[in-house]
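# Results of the structural survey
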Amino acid sequence: GNLFSLGRLQFEPGLACLPYRVYRHGHGRRLAAVAEDGVWCDEQDHPELHAGKWQTRFTESETHFSGHPVNISRGTLRPDAVEFSKADWSLKLVPNDPVLHVHIPAGDPLDPKACEDSIIRAWDFFDRHFPETSFRGMMCRSWLLDPRLTGLRILDPNSQIARFAAR
């Protein structure tokens, strides 16, 4: 009873499981994911599970935070830290925050409209049936969403899975 099919996609309550903090710029839709302190990266700047070539640093003061942003289109971390003003960026998600894990069941195509409808239904469903939990975001983890697949031309950038990954 933990996996809910809502339209094209399935959703499972859980916790944010990646070592990133997500910030929103102002009141807009622009987001930045910044690595937590101590994430190892390989020589191509991809996160590693074990010791790699370099390690991220994250620092925070009352007015600023500094860290290594995620390059979403490449799936890499920026090797030099960037400083952000807290006046411009608000914290939206940290590791272990409640999230909805998105699953893509086999079968129907990943039609963008069907996926969008499914996501909207999920927010409404979980707000109504799990009011005690404030879900902070959605996560979908799959090797098929690795941006390197599109960059290496293994996946057509116009394929439905590549468009889903970009979303």
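Heads up: these notes are all about the structure in this document.

Parameters at a glance
Per chain, the residues get numbers from 1 upward, laid out in the order the sequence is written. Where totals are concerned, whole chains, interfaces and linings use all residues; where local detail is concerned, this predicted model gives features only for residues with pLDDT of at least 70, and gives and counts side-chain atom pairs only at 80 or more. Side-chain numbers here rest on the full set of heavy atoms in the structure, without hydrogens or water. In summary, the pairing rule links any two rings of Phe, Tyr or Trp, Trp by its six-membered ring, whose centres are within 6.5 Å, and it sorts them by plane angle into stacked for under 30 degrees, edge-to-face for over 60 and tilted for everything else. Secondary structure follows DSSP: runs of H or I at least 4 residues long count as helices, runs of E at least 2 residues long count as strands, and numbering of each begins at the N terminus. Throughout this description, buried means an accessible area under 20% of the type-specific maximum (1.4 Å probe, protein chains only), exposed means over 50%, and partly exposed covers the range between. Between the first and last residue of a helix there are one fewer steps than residues, each counted as 1.5 Å, and that sum is the expected span. For this quantity, the arc is that covered by the directions from the helix axis to the C-beta atoms.

Let us now look at the packing of aromatic side chains. Inspection of the entire model under this criterion finds ten aromatic pairs. With 5.8 Å between their ring centres and 75° between their planes, Phe4 and Phe130 make a pair best called edge-to-face. Here Phe4 is found in strand β1 (residues 4-6), whereas its partner Phe130 is found in the loop between α1 (112-129) and β14 (138-139), with 126 residues between them in sequence. You can call Phe130 partly exposed: its relative accessible area is 22%. Site record: aromatic cluster; members linked through ring pairs are Phe4, Phe125, Phe126, Phe130 and Phe135.

Bringing α1 into the picture now. With 18 residues, α1 extends 25 Å between its outermost C-alpha atoms, agreeing within 8% with the 26 Å of an ideal straight helix rising 1.5 Å per residue. Here α1 has its buried residues at Cys115, Ser118, Ile119, Ala122, Phe125 and Phe126. All buried residues of α1 project into a common sector of 130° when viewed along the axis, lining one side. Exposed and facing more than 90 degrees away from the buried side of α1 are Lys113, Asp127 and Arg128.

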